[in-house]
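For reference, the chains in residue letters:
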Amino acid sequence: MGISRADTAYYKRMIRVVLLLVIVTSVSEALWGQRICCAGEMWLKWNNDRRESYMWGYMIGYSHAYWDGCRQAMKALPGGATSESIERSCRSRQPDFSGGTTYWARQVTQFYKTYPNDRDIAIDGILDQLRNGLTLEQIHNYPFMRRRSQGGDGVSKPN
């Protein structure tokens, strides 16, 4: 019993699909950990309304995900914990976005303007560190993934 033309065409398509998957997998693996270029350039091109809209979405999304995580922890009730203790812990650590969208958008804008060599740092990376209480200068010096430590000239250089 031989291989028909239909079988040959099918095998050729399957080989192409497998090769495509291998290529996509190896390229994405090589790029994993790379920062998306120029988030700061994009941010600075936006008008204030767009920046504040971004912040609104970030704040809402982050808050919803945070409280969803707390609800999941309350359902799981780790040993010795009560739902009240978990809720207290969640409330004491909840994200503080009381500055509003204008404040946060200005902070990101100021960061990208003050440190033009750091415009490859993702917007959410800056926001995460601001929420952690870091100043703009501390964020500039923060060892983000795939980033070398500060050079003698004080300018950060990515790997």
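## Observations regarding the overall build of the chain
Phase 1 of the analysis: Looking only at helices and strands, one finds seven helices and zero strands in the chain.
Phase 2 of the analysis: Counting from the amino terminus, helix and strand elements in the chain follow one another as α-α-α-α-α-α-α.
Phase 3 of the analysis: Per-residue burial for the chain yields a buried fraction of 26% across its 159 residues.
Phase 4 of the analysis: Within the chain, contacts between residues separated by at least 24 positions form 57% of all contacts whose residues are at least 6 apart in sequence.
Phase 5 of the analysis: As displayed, the chain has an accessible area near 11100 Å², and 56% of this comes from carbon and sulfur atoms.

## A short note on the nonpolar core
Phase 1 of the analysis: By size, the foremost hydrophobic cluster in this structure holds 21 residues, and its most contacted members are W43, M55, F111, Y112, I123, I126 and L127.
Phase 2 of the analysis: Among the secondary structure elements, those contributing two or more residues to this core are α2 (39–45), α3 (48–76), α5 (100–114), α6 (123–131) and α7 (136–141).
Phase 3 of the analysis: Broken down by element, the residue count for this core peaks at five residues, all from α5.
Phase 4 of the analysis: With sequence-adjacent residues up to four places away left out, Y112 is seen in contact with A39, G40, W43, L44, D118, R119, I121, A122, I123 and I126.
Phase 5 of the analysis: The next biggest cluster of nonpolar side chains, apart from the first, holds five residues, and it includes Y66, W67, I86 and C90.

## With respect to α6
Phase 1 of the analysis: Turning to α6, its buried residues are I123, G125, I126, L127, Q129 and L130.
Phase 2 of the analysis: One or two residues past the end of α6 sits G133, with phi positive at roughly 95°.

## Remarks on the confidence of the model for the chain
Any segment with low pLDDT has predicted coordinates that should not be analysed in fine detail.
Phase 1 of the analysis: Here the chain averages 78 in pLDDT, and 69% of its residues register 70 or above.
Phase 2 of the analysis: Within the model, the stretch residues 26–32 combines pLDDT values under 50 with two contacts to residues more than four positions away or in other chains.
Phase 3 of the analysis: Here residues 148–159 scores under 50 on pLDDT; set against residues more than four positions off or in separate chains, the count is 21 contacts.

## Remarks on the packing of α5 against α6
Phase 1 of the analysis: For the pair α5 and α6, interaxial distance at closest approach is 10 Å and the crossing angle is 115°. The orientation of α5 with respect to α6, classified from their angle, is roughly perpendicular. Handedness of the crossing formed by α5 with α6: right-handed. Two secondary-structure elements touch here, α5 through W104, Q107, V108, F111 and Y112 and α6 through I123, I126, L127, L130 and R131.
Phase 2 of the analysis: Classifying every residue of the contact of α5 with α6 gives eight nonpolar, one polar and one charged.

About the thresholds
Residues numbered from 1 in each chain as written. Predicted model: local features only at pLDDT ≥ 70, side-chain atom pairs only at ≥ 80, totals over all residues. Heavy atoms only, no water. Helix = DSSP H or I, 4+ residues; strand = E, 2+ residues; numbered from the N terminus. Buried < 20%, exposed > 50% of the residue type's maximum accessible area, 1.4 Å probe, protein only. Contact = heavy atoms within 4.5 Å. Areas by Shrake-Rupley, 256 points an atom, 1.4 Å probe, with all protein chains shown as cover. Core = buried A, V, L, I, M, F, W, Y, C linked by side-chain atoms within 4.5 Å. pLDDT = per-residue confidence, 0-100. Axes fitted to C-alpha atoms, helices over the stretch in contact; angles between N-to-C directions. Parallel < 35°, antiparallel > 145°, perpendicular 65-115°, else oblique. Left-handed = near helix turned anticlockwise from the far one by under 90°. Nonpolar A, V, L, I, M, F, W, Y, C, P; charged D, E, K, R; others polar.

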